[in-house]
Structures are given as C-alpha cells and as structure tokens.
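# Observations on chain architecture
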Amino acid sequence: MTLDPEFSKQTTDLIVQTLELYKSAGVSPRIGETWDCGNIGDFLCGFFVGEMVGSALSAFQIVHQREPTADEHLEIIELVESHAKEIKEFFAKFN
C-alpha cells in the first residue's frame, strides 16, 4: 500500500459520510427525464462513484502537491470499491 494511512482514513470517511448524506437527501424526481436515463439507480451509482474518486484525487493533489502515481490512483479507486456492496444496495432502490 502506497497511500499514507491518514489519507486512506480521510478518504474512507468521505465515502461513508457522503453516502449517508445521499441516503438522507433523497433523489430529485426529475433525474430520469433530465438525464434521459432508464435506470436511475445505475446512473446515480455511477455519478456517486465518479464523485468519490474525483474528490479523493483532488484531495490527494492538494495534500501532496502532486499527481498520484498509477499505484496511488488505483488504491484510491480500490478504497471506493471497498464500499461497493453498500453503494450498489442503496442506489439499486431507484431502479
């Protein structure tokens, strides 16, 4: 593992806390028609995962003042993927 433990913890906290915000906020009833998507849950799941990876990559750049290496980038993705079951279960409710 190349990511420092504190960054990994903060990223995991970001994922968990943001998912909780999504759970309490609900979903706009216009999502399907605005974005012309048939599977709203799949759309939202992809959006959420992209948001988490993008946020973690931005945080990495700010904290470390550099781009992540390929290995660090993969580890960030793996941190998000480690919550895949809970993320998929929540967003599947909107399909």
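Residues numbered from 1 in each chain as written. Predicted model: local features only at pLDDT ≥ 70, side-chain atom pairs only at ≥ 80, totals over all residues. Heavy atoms only, no water.

### Examining the environment of Thr18
Short version of the rule: Helix and strand definitions follow DSSP, with helices as H or I runs of at least four residues and strands as E runs of at least two, each counted in order from the N terminus. Relative accessibility decides the category of a residue: with a 1.4 Å probe and only protein chains considered, values under 20% of the type maximum give buried, values over 50% give exposed, and everything between is partly exposed. Residue contacts are counted whenever heavy atoms from the two residues lie within 4.5 Å of one another.
Structurally, Thr18 can be placed in helix α1 (residues 5–25). Here Thr18 falls in the buried class, since its relative accessible area comes to 11%. Expressed as a C-alpha distance, the spacing of Thr18 and Glu89, which sit 71 residues apart in the sequence, is 15 Å. Look past the residues within four positions of Thr18 in its chain and what remains in contact with it is Phe48 and Met52.

### Quick word on the pattern of salt bridges
Should the charged atoms of two oppositely charged side chains come close, the side chains can pair. What counts is decided by this rule: One speaks of a salt bridge when a side-chain nitrogen belonging to Lys or Arg is within 4 Å of a carboxyl oxygen belonging to Asp or Glu.
Taken as a whole, this structure holds 5 salt bridges when the rule is applied. A salt bridge links Lys9 to Asp13, with the nearest nitrogen and oxygen atoms 2.9 Å apart. Linking Lys9 with Asp13, this pair stays in helix α1, spanning 4 residues, or about one helical turn. Here Lys9 falls in the partly exposed class, since its relative accessible area comes to 47%. Among the salt bridges present, the one from Lys85 reaches Glu89, with a minimum N-O distance of 3.7 Å.

### Notes on the nonpolar core
So the rule is basically this: Buried Ala, Val, Leu, Ile, Met, Phe, Trp, Tyr and Cys residues form a nonpolar core when they are joined through side-chain atoms within 4.5 Å.
Judged by nonpolar contacts, the single largest core of 21 residues is most densely connected at Leu3, Leu19, Phe48, Ile76, Val80, Ile87 and Phe91. Of all elements in the fold, only α1, α3 (40–64), α4 (70–81) and α5 (84–92) reach the threshold of two or more residues within this core. It is α3 that contributes the most residues to this core, 8 residues altogether. Residue contacts for Val80: discarding those within four places in its chain leaves Ile15, Val49, Met52, Val53 and Ile87.

### Points about α3
Put simply, the rule reads: Helix span, as expected, comes to 1.5 Å for every residue beyond the first.
Compared with an ideal rise of 1.5 Å per residue, which puts 25 residues at 36 Å, α3 spans 36 Å between its outermost C-alpha atoms and is within 8% of the ideal. For α3, the full list of buried residues reads Gly41, Leu44, Cys45, Phe48, Met52, Val53, Ala56, Leu57 and Phe60. Each element contacted by the buried residues of α3 is listed here: α1, α2 (31–34), α4 and α5. Looking at the residues trailing α3, positive phi occurs at Gln65, about 55°.

### Some points on α1
Along an α-helix, a turn takes 3.6 residues, which lines up residues three or four apart on a common side. Threshold: Arc definition: directions from the helix axis to the C-beta atoms.
The end-to-end C-alpha distance of α1, which contains 21 residues, comes to 30 Å, matching closely the 30 Å that a straight helix rising 1.5 Å per residue would cover. Along α1, the residues that are buried comprise Phe7, Ser8, Thr11, Ile15, Thr18, Leu19 and Tyr22. Considered in projection along α1, the buried side chains sweep an arc of 105° and stay on one side of the axis. Exposed residues pointing more than 90 degrees away from the buried face of α1 are listed as Pro5, Gln17, Leu21 and Ser24.

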